[in-house]
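# Descriptive structure summary
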Amino acid sequence: MRTTSRHRAAARMITAIGVFSLVAACSGGGGAPATGGATGGGYPEQNITIVVPFSAGGPTDTVTRMIAEPMAAKLGTKIVVQNVEGAGGTVGAGEVARAEPDGYTVLMHHIGMSTAPALYQNLGYKPLESFEMIGLVTEVPMTIVARKDFEPKTLQELVTYVKANAAKVTLANAGIGAASHLCGLLFQTAAGVKLQEVPYEGTGPALTDLVGGQVDFMCDQSTNTSGQISAGEVKAYAVTTPERIKSLPDLPTTTEAGLPKLQVSVWHGLYVPKGTPQDVVQKLSESLKTALADQKVIDQMAKLGTAPVPAEDATPQAHRTKLEEQLGTWAKVIADAGVKAS
């Protein structure tokens, strides 16, 4: 990824780097290295960087590191994971949009790719025009959780309580545009209430304060809350998907709990800059499919309440179709909520 003077500030926000071991792909005859086929140049010939536009240890970072190792093994190179934080994921996404379209700079982003155009007036990139899609990765359920001593015991009681105490109830999130913020908007719409929101610089500190009792409740990805729910550190009300999740079998769905209009999952996908050669895009997509079929990845995701997408969704076309649909959906939700990022 090129770093110019205007990019250095974002580059300084890189907070963690994970490097996965080189796995050489060798042919069966004589042990010669496999070539890159249609790329001619033998792609990949150097390390690949996956940019995560959120903090290290967060849900998107966790998913990225799960798939990086098997992707690297398939590609026969090293994958470096870089966390480039800022502005609801738009700093890291912008860095990748401006990178060389050579397949060596990849972006992992979540649902925020589809909400950024509605939230930010001067975004600097266009999701459908600035990137080539590699494929979808996973759809992570959201969970509604509260400090463990919060008065409401069920989701219906929570809705009744927040309506009666809207001026004093605090709803935490990881900042404007974060998945927790978007889910919180949908909760308020479904419940017919406007609450006092408390934004944090990341999901980690928000959840820490929730466990510590400094805020009342929040909506966050199961990949980030399953451990605290299982340990009894927070009170859990529901999961925001049509079906219960295996890691939390006793947690009802929002439909079962009486709030059927609250349905949301956080989908993740991989991107490269627009203009990346199609044979490179295809090679990355194939490595993603391999990673998502890896039993270790499947088991790791299951522990966090999610699963890899089917192979047919780990493709550029399925990814583009999803993004197009989600851009329209969230544009209306955000406009109705009257929310804008500064």
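Scope of this entry: the structure provided in the associated data block. Keep in mind that what you see is a predicted model, and the values were worked out from it rather than measured.

In terms of helices and strands, the protein chain carries 12 helices and 10 strands. Every one of the 342 residues in the protein chain was classed for burial, and the buried ones make up 53%. Counting contacts in the protein chain only where the partners sit at least 6 residues apart, residues at least 24 apart contribute 79% of the total. As displayed, the protein chain offers around 14,300 Å² of accessible surface, 52% of which is attributable to carbon and sulfur atoms.

Time to look at the packing of aromatic side chains. Applying the stated rule across the entire model yields 6 aromatic pairs. Centre to centre, the rings of Phe150 and Tyr161 are 5.3 Å apart; their planes meet at 80°, and the pair counts as edge-to-face. Of this pair, Phe150 sits in the loop between strand 5 (131-147) and helix 6 (155-164) while Tyr161 sits in helix 6, and the two are 11 residues apart along the sequence. What links up through ring pairs into an aromatic cluster is the set Phe150, Tyr161, Phe187 and Phe217.

Going through the model one piece at a time under the given rule, you end up with 12 salt bridges. Here Arg65 ties to Asp61 by a salt bridge, and the two come within 2.9 Å at their closest N and O atoms. Here Arg65 pairs with Asp61, and both are found in helix 2 (residues 59-75), just 4 residues apart, close to one helical turn. Among the residues examined, Arg65 registers a relative accessible area of 22% and is labelled partly exposed.

Right, let's talk about the side chain of Gln188 for a bit. Within the secondary structure, Gln188 sits in helix 7 (residues 179-191). Judged by its relative accessible area of 5%, Gln188 falls in the buried class. Beyond its immediate stretch of four places on either side in the chain, Gln188 contacts Leu171, Val193, Lys194, Leu195 and Glu197.

On to the nonpolar core. In this structure, Ile67, Phe187, Phe217 and Leu270 are the most contacted members of the largest nonpolar core, which totals 87 residues. Looking at this core, the element that brings in the most residues is strand 5, giving 9 residues. Apart from residues no more than four positions distant in its own chain, Phe217 is found in contact with Ile144, Val145, Ala146, Leu158, Val162, Val169, Thr170, Leu171, Ala172, Phe187, Leu195 and Leu210. Residues Tyr200, Ile229, Val239 and Ile245 belong to the second largest nonpolar core, which totals 14 residues.

Cut-off values and rules
- Residues numbered from 1 in each chain as written.
- Predicted model: local features only at pLDDT ≥ 70, side-chain atom pairs only at ≥ 80, totals over all residues.
- Heavy atoms only, no water.
- Helix = DSSP H or I, 4+ residues; strand = E, 2+ residues; numbered from the N terminus.
- Buried < 20%, exposed > 50% of the residue type's maximum accessible area, 1.4 Å probe, protein only.
- Contact = heavy atoms within 4.5 Å.
- Areas by Shrake-Rupley, 256 points an atom, 1.4 Å probe, with all protein chains shown as cover.
- Phe/Tyr/Trp six-rings, centres within 6.5 Å; stacked < 30°, edge-to-face > 60°.
- Salt bridge = Lys/Arg side-chain N within 4 Å of Asp/Glu carboxyl O.
- Core = buried A, V, L, I, M, F, W, Y, C linked by side-chain atoms within 4.5 Å.

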